[in-house]
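Coordinate inspection notes
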Amino acid sequence: MKSYFAESELIINTDGSVFHLHVKPDQLADKVILVGDPGRVPLVASHFDSKECEIESREFRTVTGSYCGKRITVTSTGIGCDNIDIVLNELDALANIDFDTRKERSHARQLEIVRIGTCGGLQPYTPEGTFICSETSIGFDGLLNFYAGRNAVCDLQLERALIAHLGWTGNMCAPYPYAIDADKELVERIAGNDMVRGITISCGGFFGPQGRELRVPLADPRQNEKIESFAFGGRHITNFEMESSAIAGLSRLMGHKATTVCMVIANRVAGKANTGYKNQIDDLVKAVLERI
């Protein structure tokens with residue numbers, strides 16, 4: 001880590017808040033819930049017993065409050081791992097950099113981060129309405145490949161096995177996936193005994209990268225079929241979404257605990273989708289609030 005962070009590297013607003021989130025260091029709780037949709041922030045916060053602050057900037061909406069004696073921050077990220085790069089770096093800066101001196105704090109602060117989202121199921125046992133906790137996430141986005149230390153925290157054997165299975169060996173046009181485990185203790189606590197635990201793929205898009213074909217043909221029409229049939233150590237890929245790999249990967253590099261839980265709203269094997277899922281996701285929200 002650097003000892004001093006220049007103004008161009010860590011941008012701090014004139015009110016002392018971090019650049020994109022507009023959150024100040026004392027407004028961040030140790031327990032953090034991430035949601036993609038800014039409209040889901042008030043859903044989570046509606047369960048709080050009290051609220052300290054409500055902040056909104058672009059797609060980033062934040063509320064810090066209290067739930068059953070626990071101080072919790074809920075923040076929206078928008079869609080995609082590129083936004084997670086912004087959110088995780090700024091959350092870590094709020095926790096571990098002194099904004100007055102622009103130097104790293106002497107004692108590291110560990111955040112507990114849980115993403116609540118929606119996903120597409122990839123197995124017959126993950127129909128619509130299933131809650132999936134991502135034990136392992138595979139990033140098709142490439143984000144973690146820009147950071148030093150990625151090989152030390154990733155499952156390189158899983159990466160190589162998947163590349164061979166997909167036929168991506170030597171394919172310079174294909175993304176190089178990274179495989180990262182979520183925090184084991186957090187998975188045990190959040191998943192409990194009522195969620196499916198599996199391998200999640202985070203894609204760099206909603207259509208082509210997830211095997212959806214509209215007017216532009218896919219480079220590999222059999223990609224989803226290959227993903228669904230992949231097995232490693234007796235485990236299969238359970239779902240597609242767009243953020244879990246970056247959350248798990250950056251959190252591991254930064255020393256935070258993280259996992260992702262999603263509700264399946266479309267099963268790709270069955271070809272079915274449920275667009276009326278918004279009431280049911282409140283059940284997942286309440287489960288995470290109880291367990292975080």
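To be clear, the structure that these remarks concern was listed above.
Residues numbered from 1 in each chain as written. Predicted model: local features only at pLDDT ≥ 70, side-chain atom pairs only at ≥ 80, totals over all residues. Heavy atoms only, no water.

On to the nonpolar core. Ranked by internal contacts, the top residues of the largest apolar core, which has 35 residues, are Leu-34, Leu-91 and Ile-113. Going through the elements one at a time, β1 (31-35), β2 (50-57), α2 (81-96), β9 (178-181) and α7 (244-254) are the ones with two or more residues in this core. Setting aside anything within four residues of it in sequence, one finds Ile-113 in contact with Val-32, Leu-34, Leu-88, Leu-186, Ile-247, Ser-251, His-256, Lys-257, Ala-258 and Thr-259. (Core = buried A, V, L, I, M, F, W, Y, C linked by side-chain atoms within 4.5 Å. Buried < 20%, exposed > 50% of the residue type's maximum accessible area, 1.4 Å probe, protein only. Helix = DSSP H or I, 4+ residues; strand = E, 2+ residues; numbered from the N terminus. Contact = heavy atoms within 4.5 Å.)

Glycine aside, a negative phi is what most residues show, and trans is what most peptide bonds show. Its identity is not glycine, yet His-22 carries a phi of approximately 60°, on the positive side. For His-22, the location among the structural elements is in the segment before β1. A relative accessible area of 31% places His-22 in the partly exposed class. Phi at Cys-68 is positive, roughly 50°, even though this residue is not glycine. With respect to the secondary-structure elements, Cys-68 resides in the loop between β3 (60-67) and β4 (70-76).

With respect to the helices and strands, Pro-124 occurs in the loop between β7 (112-121) and β8 (131-139). Along the sequence, Pro-124 and Val-269 sit 145 residues apart, while their C-alpha atoms lie 6.7 Å from each other.

What follows covers the pattern of salt bridges. If you walk through the whole model with that rule in mind, you get 17 salt bridges. One salt bridge connects Glu-185 with Lys-257, and the closest N-O pair in it is separated by 2.5 Å. Taken as a pair, Glu-185 in helix α5 (residues 184-191) and Lys-257 in strand β13 (residues 257-267) lie far apart in primary sequence, 72 residues in all. (Salt bridge = Lys/Arg side-chain N within 4 Å of Asp/Glu carboxyl O.)

Within the fold, Arg-150 resides in helix α3 (residues 150-153). Within polar-contact distance, the side chain of Arg-150 engages the side chain of Glu-159 at 3.1 Å. A polar atom in the side chain of Arg-150 sits 3.4 Å from the backbone oxygen of Pro-177. Not counting the four nearest positions on each side in its chain, Arg-150 is found in contact with Leu-144, Asn-145, Leu-156, Glu-159, Tyr-176, Pro-177, Tyr-178 and Leu-253. (Polar contact = N/O pair within 3.5 Å; in protein donor to acceptor, adjacent residues only side chain to side chain.)

All right, on to α5 then. Those residues of α5 not exposed but buried are Leu-186, Val-187, Ile-190 and Ala-191. Axial view of α5: buried residues confined to an arc of 110°, hence all on one face. The inward-facing, buried residues of α5 contact β7, β8, β10 (196-202), β13 and α8 (281-291). Where α5 begins, one side-chain oxygen reaches toward the backbone nitrogen of Glu-185, 3.3 Å away; that side chain belongs to Asp-183. The positive-phi residue at the C-terminal boundary of α5 is Gly-192, with phi of around 55°. (Arc of directions from axis to C-beta.)

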